[in-house]
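Notes for the structure review
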Amino acid sequence: MDHSASHARMIEYLKTEILRDPDAEIEPHTPLVSSGMVDSFSLIQVVQELEKITALRIPASKVAPRDLDTVSQMFATATRVGMPR
Amino acid sequence: MSQVSLLYAAAVLVVWMTARVSSSRPFRLWIYLAASWLFYFSLDARFLPLLVLSSVFNYYYGRLIRRQPRVGLLWAGALVNVALLGVFKYLPALRPLLSQSPFWQHVAELALPLGVSFWTFQALSYLFDQYRGDDTRPSMGEFCLYMGFAPTVMSGPICRVGDLVPQFRAPFAGSWASVREGAQGVWVGVGMITLARMLAAGHGGFGVADAFALRGTLGTADAWVMLLGYGFQIYFDFAGYSRLVIGVARMLGFQLPENFDRPYLSTSVTSFWQRWHMSLSFWIRDYVFLPLAMSRREVWWRHVSLVISMAVFGLWHSASWLFLLWGVYQGLMLVGHRLWQQLRRGAAPIGPRWLRSGASWLLTFLVIILSWTLFRAEGASHAAGILKAALIPTAGLQLPGGFVLLVLGLVAGYFASQLAVSRVPQRAPGLLSWLPMPARFACYAAIFYLAVFRAAEAQGFIYAQF
C-alpha cells in the first residue's frame, strides 16, 4: 500500500470509528491528540489500526502521544519503531 | 505578602536584569542554575545535595540508556528513582507497619525533601524519553537546570526535557511583553492563592480545617459545604500557585505547560482529568496508562489500565489507603463515563442540548466534589461519616453561618466570574485583559488588599506536602 493510500485509510478510520463524524476535516498534519480530538483511550485503538495498516508491531514502550499527534507522525513513528510481525 | 516574598521578587528582578544584559548563553544558563539552587537551598538546605545527586545520576543514566536502549536498564533506573521516593515519601507513611527497631523508626522519621515527587517524575520522564529515542540531548548544566528550575522545583508543573531544554538554548526571551504577560499571571495567581487562604482562615476563626475537625453527626448540608470549601480551597491554592510560577517563568521568557484549565466547568470526568493538574495527568497518561493499555489488545484491559493508572495517580500523593481509594474511584468514574458513551452511541439525544450540558456539568461537579472526601479525610471512619452525611439526607447544620456564607459566596462568585469571562470576547492575551481599565485596576487593588491583609492568617500551601 502506498503512502497516501495508508494515510487515507487511517483518516477514514479516524472519521468513522473514533470521531464518528464522516464530515470531520482531518488532514495528514491535523493535530489529533494535542487538540483533544483523540483521547488517550481512543489512541490505543488508533495504534492497533496503525499496526494493522502497516503490518508492523509497535512496541508500547517506544511511543508517546506526541509521536502520534498527526496521521503523518503516526506513520513516521511506525516506520521508526515498528518491528515486523 | 511577607518580606520573604519581596526578597524572592527582588531575586527574580536581579536574574531577569542579569540575563537581559548577558549575550552569552552558557553564562545565562549558569545564572539560572545558581539562582535555582540558591532558591532551593533557601527553602530546604538539607536536601539540596540530594537534588544535585539525583540530577547527576539521572543525567549519566539517561546517556547510558540512550547508548544502550535496553528495557532492563530502563527499569533499573526507574527503580532507583522510585526507591528514592519510597525512602523519603512512602516509608514514613508506612510507619505503623514497620518494625519497631530503632533503625526503621529512624527511617520512618525522615523529612520529605521539597518537591521530591515533582522532580523525581521529571527524572523518570527523561529516562523513558531517552529509551524511546527522544532527540533532546541536554548537557549536564541544562539537565541540572531542568531538574532544579526554580519556578517548577517546588510543586511543578511537571515538565518534560524536550519542552524546557530547547528554551534554555534559545536567545533570551524575557521581553517587556513577556514581563507584562507574566506579571498578569502572577497577580491572578496571588489572587487565587489569597482566595484559598481566605477559605483556610474562614470566618470568625472557623475555616475549612475546622469544618473537617468537626466530629459527631454531620448534616447533609454540613458535608456538602465543607467539601465545596475544600474543593475550592485546593483548586484556588494549587491552580493559583501554578499560575504564579508559570507567570514568573514567563517574565523570564520561558513557557511552562499549563496545569489547570477551569476544571470545575468540565461536563465529564474525562474532561475534568484533562483540565486538573494537567502536567501530572498527562505524565500518567504517557508513562503509565499507554504502555499498560497497549500491552494487551482486549477492551476490558484498557478499563483495568485506566483504574490502575488512576490508582497510581492517587498514590503519587501519599501511601495511604484513602489516596489509593481516591484514585480507584476516579478510575471507575472514567470507566463509567466511557461505558456510558458507548451505550449512548447512536441513540437519540434526550432533551434539549442546554439541558444535557447542564445535567452533565452538575453530575460531574458533584462526583468530583464528593471525591474530595477521600482526599481530605483523616481516616477511613472519618471519610465514611462524611460520605454518609453527604449521600443520605440528614437535617441539621453544625457549621457556623459565616463560614457557610463565605464558602457559598466564593463558589457563586467563581462561577459568576467564569460566566462573565465566557460572554466577553477575548480582545488581547492575558487573563484580566478583557476587563476595562478601571475594573482591571480594581481587581489588582482587591488582590493586593486581600493578599496583604487577609493572607496573614493563612495556612501553608497544600501541595507542598506532596
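Residues numbered from 1 in each chain as written. Chains lettered and ligands numbered in written order. Predicted model: local features only at pLDDT ≥ 70, side-chain atom pairs only at ≥ 80, totals over all residues. Heavy atoms only, no water.

Some details on the overall build of chain B
The line we're drawing: Going along the chain from the N terminus, every DSSP run of H or I of four or more residues is numbered as a helix, and every run of E of two or more is numbered as a strand. Here the term buried applies to any residue with accessible area under 20% of the maximum for its type, exposed to any over 50%, and partly exposed to those in between, with areas from a 1.4 Å probe on protein chains only. Throughout, a contact is declared for two residues whenever any of their heavy atoms are within 4.5 Å. Only the protein chains shown count as cover for residues, and the accessible areas themselves come from Shrake-Rupley with a 1.4 Å probe.
Secondary structure summary: chain B contains 20 helices and 0 strands in total. Per-residue burial for chain B yields a buried fraction of 53% across its 466 residues. Counting only contacts in chain B whose residues sit at least 6 apart along the sequence, the fraction spanning at least 24 positions is 75%. Carbon and sulfur atoms provide 69% of the accessible area of chain B, an area that totals close to 21,100 Å².

Topic: empty space enclosed by the protein
Residues and elements named next belong to chain B. How we decide: Only protein atoms enter the 1 Å grid, on which a cavity is a set of points fitting a 1.4 Å probe that cannot get out and a pocket is an open set with protein on both sides within 12 Å along at least 5 of 7 lines, lining residues being those with an atom within 4 Å of a point. Grid points are joined across faces, edges and corners, and a volume is the space filled by probe spheres set on the points. We call Asp, Glu, Lys and Arg charged. Ala, Val, Leu, Ile, Met, Phe, Trp, Tyr, Cys and Pro are nonpolar, and the rest, Gly among them, are polar.
Taken as a whole and judged by the stated rule, the model has 2 cavities of 30 Å³ or more. If you go around the second largest cavity, the residues you meet are P263, Y264, S266, F272, W361, T364, F365 and I368. Here the lining of the second largest cavity takes 4 residues from helix α17 (residues 353-376), the largest share from any one element. When grouped by side-chain class, the residues that make up the lining of the second largest cavity number 6 nonpolar, 2 polar and no charged.

Overview of helix α14 (residues 278-293) of chain B
Applicable threshold: In a helix, the anticipated span is given by 1.5 Å times the number of residues less one. Bending is quantified residue by residue as the angle between axes fitted to the seven-residue window ending at that residue and the seven-residue window starting at it.
Its 16 residues give α14 of chain B an end-to-end C-alpha distance of only 20 Å, which falls more than 12% under 22 Å, the value for a rise of 1.5 Å per residue. A bend of about 40 degrees at R285 of chain B is the largest found in α14 of chain B. Of all 16 residues in α14 of chain B, 12 are buried; the element is thus mostly enclosed. Of the residues making up α14 of chain B, those classed as buried are M278, S279, L280, S281, W283, I284, D286, Y287, V288, F289, L290 and A293 of chain B. Those residues of α14 of chain B that are buried lie in contact with α2 (40-54) of chain A together with α6 (116-132) and α15 (299-317) of chain B.

Some words on the nonpolar core
To keep it simple, the criterion reads: Residue types Ala, Val, Leu, Ile, Met, Phe, Trp, Tyr and Cys, when buried and joined through side-chain atoms within 4.5 Å, form a set referred to as a nonpolar core.
Counting residues in hydrophobic clusters, the biggest one holds 162 residues, and the most contacted among them are M10 of chain A together with F232, Y264, W372 and Y463 of chain B. Top element by residues in this core is helix α12 (residues 220-251) of chain B. It accounts for 18 residues. Ignoring any residue separated from it by four or fewer positions in sequence, one finds W372 of chain B in contact with L227, Y230, G231, I234, Y264, W276 and W326 of chain B.

Remarks on the pattern of salt bridges
Residue and element names in this part refer to chain B. Definition in use: The rule for a salt bridge is simple: a side-chain nitrogen of Lys or Arg has to be within 4 Å of a carboxyl oxygen of Asp or Glu.
As enumerated under the stated definition, the model contains 17 salt bridges over all chains in all. Note that R215 is salt-bridged to E378, the shortest N-O span being 3.1 Å. Pair noted here: R215 is in the loop between α11 (208-213) and α12 and E378 is in the loop between α17 and α18 (380-391), with a separation of 163 residues, a long-range link. Among the residues examined, R215 registers a relative accessible area of 46% and is labelled partly exposed. Residue E378 is classed as exposed on the basis of its relative accessible area of 51%. The salt bridge partner of R285 is D286, with a shortest N-O separation of 2.7 Å. Several salt bridges converge on common partners, so that one network encompasses R25, E142 and R169.

Section: unusual backbone geometry
The step from G156 of chain B to P157 of chain B runs through a cis peptide bond, and the omega angle for that step is 5 degrees. Position of P157 of chain B relative to the elements: it lies in the loop between α8 (150-153) and α9 (161-169). Of note in this structure, A55 of chain A is not a glycine but carries a positive phi near 60 degrees.

Description of the domain arrangement of chain B
All names here are of chain B. Going by this rule: As annotated, the domain borders come from an automatic or database domain assignment. Here the quantity called buried area is the accessible surface, traced with a 1.4 Å probe, that two parts lose on coming together, added over both.
In terms of domain boundaries, chain B breaks down into domain 1 (23-172) and domain 2 (177-465). Domain 1 puts 27 residues into the contact, and the matching count from domain 2 is 29 residues. Carbon and sulfur atoms make up 66% of the surface buried where domain 1 meets domain 2, a total of about 2,500 Å² over both sides. Counting the surface domain 1 buries against domain 2, the share from its top three residues, F121, P157 and R160, is 22%. On the surface where domain 1 and domain 2 come into contact, there are 1 salt bridge. Across the pair D286 and R160 runs a salt bridge, and its minimum N-O distance is 2.9 Å. Those elements that place two or more of their residues in the side of domain 1 that touches domain 2 are α4 (71-93), α6, α8 and α9. Examining the composition of the side of domain 1 that touches domain 2, we find that 8 residues originate from one element, α6, more than from any other. Split into classes, the residues belonging to the side of domain 1 that touches domain 2 amount to 17 nonpolar, 6 polar and 4 charged.

Structural notes on a nonpolar patch on the surface
Residues and elements named next belong to chain B. Under the convention used in this document: Exposure above 30% relative accessible area and the lack of any salt bridge qualify a residue for a patch; like charges then connect within 9 Å, and the nonpolar side chains Val, Leu, Ile, Met, Phe, Trp and Tyr within 5 Å.
A cluster of nonpolar side chains, W300, V304, I308 and V312, forms an exposed patch at the surface whose accessible area comes to about 310 Å². Tracing the backbone shows V312 in helix α15. On the accessibility criterion, V312 (31% relative accessible area) is partly exposed.

Describing the packing of α14 of chain B against α15 of chain B
What describes two packed helices is the angle between their axes and the distance between those same axes. Residues and elements named next belong to chain B. What counts, and what does not: Geometry is summarised by axes, namely lines fitted to C-alpha atoms with helices restricted to the contacting stretch, and by angles between N-to-C directions that run from 0 to 180 degrees. Oblique is the label for any angle not under 35 degrees, not over 145, and not in the 65 to 115 range, which are roughly parallel, roughly antiparallel and roughly perpendicular in turn. The sense of a crossing depends on the near helix, which, turned anticlockwise from the far helix by less than a right angle, makes the crossing left-handed and, turned clockwise, makes it right-handed.
Interhelical geometry of α14 versus α15 gives an angle of 140 degrees and a closest axis separation of 9 Å. Considering their axes alone, α14 and α15 lie oblique with respect to each other. α14 and α15 meet at a crossing whose hand is right-handed. Contact residues: α14 offers L280, S281, I284, V288, F289, L292 and A293, while α15 offers W301, R302, S305, L306, I308, S309, V312, F313 and W316. Looking at the contact of α14 with α15, its residues break down into 12 nonpolar, 3 polar and 1 charged.

Focus: the interface of chain B and chain A
Contacts between the two partners involve 21 residues from chain B and, on the opposite side, 22 residues from chain A. Carbon and sulfur atoms make up 56% of the area that chain B and chain A hide from each other, which totals about 2,100 Å². The three residues of chain B that bury the most area against chain A are R132, M294 and R302 of chain B, which together make up 33% of that side's buried surface. Residue R338 of chain B pairs with D39 of chain A through a salt bridge whose shortest N-O separation is 2.4 Å. Counting only elements with at least two residues in the side of chain B that touches chain A, the list comes to α6, α14 and α15 of chain B. A total of 6 residues in the side of chain B that touches chain A trace back to one element, the largest contributor, which is α14 of chain B. For the side of chain B that touches chain A, the per-class residue count stands at 8 nonpolar, 3 polar and 10 charged.

Things to note about the confidence of the model for chain B
Residue and element names in this part refer to chain B. We apply this condition: Looking at any residue, its pLDDT shows the predictor's confidence there, from 0 to 100.
Across chain B, the average pLDDT comes to 89, with 90% of residues at 70 or higher. Model confidence for chain B, summarised as mean pLDDT per element, is weakest for helix α20 (residues 437-453) at 64 and strongest for helix α7 (residues 140-148) at 97. If you check the scores for this complex, the pTM reads 0.88 and the ipTM reads 0.86.

Structural notes on the side chain of D67 of chain A
All names here are of chain A. Structurally, the position occupied by D67 is in the loop between β1 (56-57) and α3 (71-81). Overall, the relative accessible area of 18% leaves D67 in the buried class. With sequence-adjacent residues up to four places away left out, D67 is seen in contact with K62, Q73, M74, T77 and R80.

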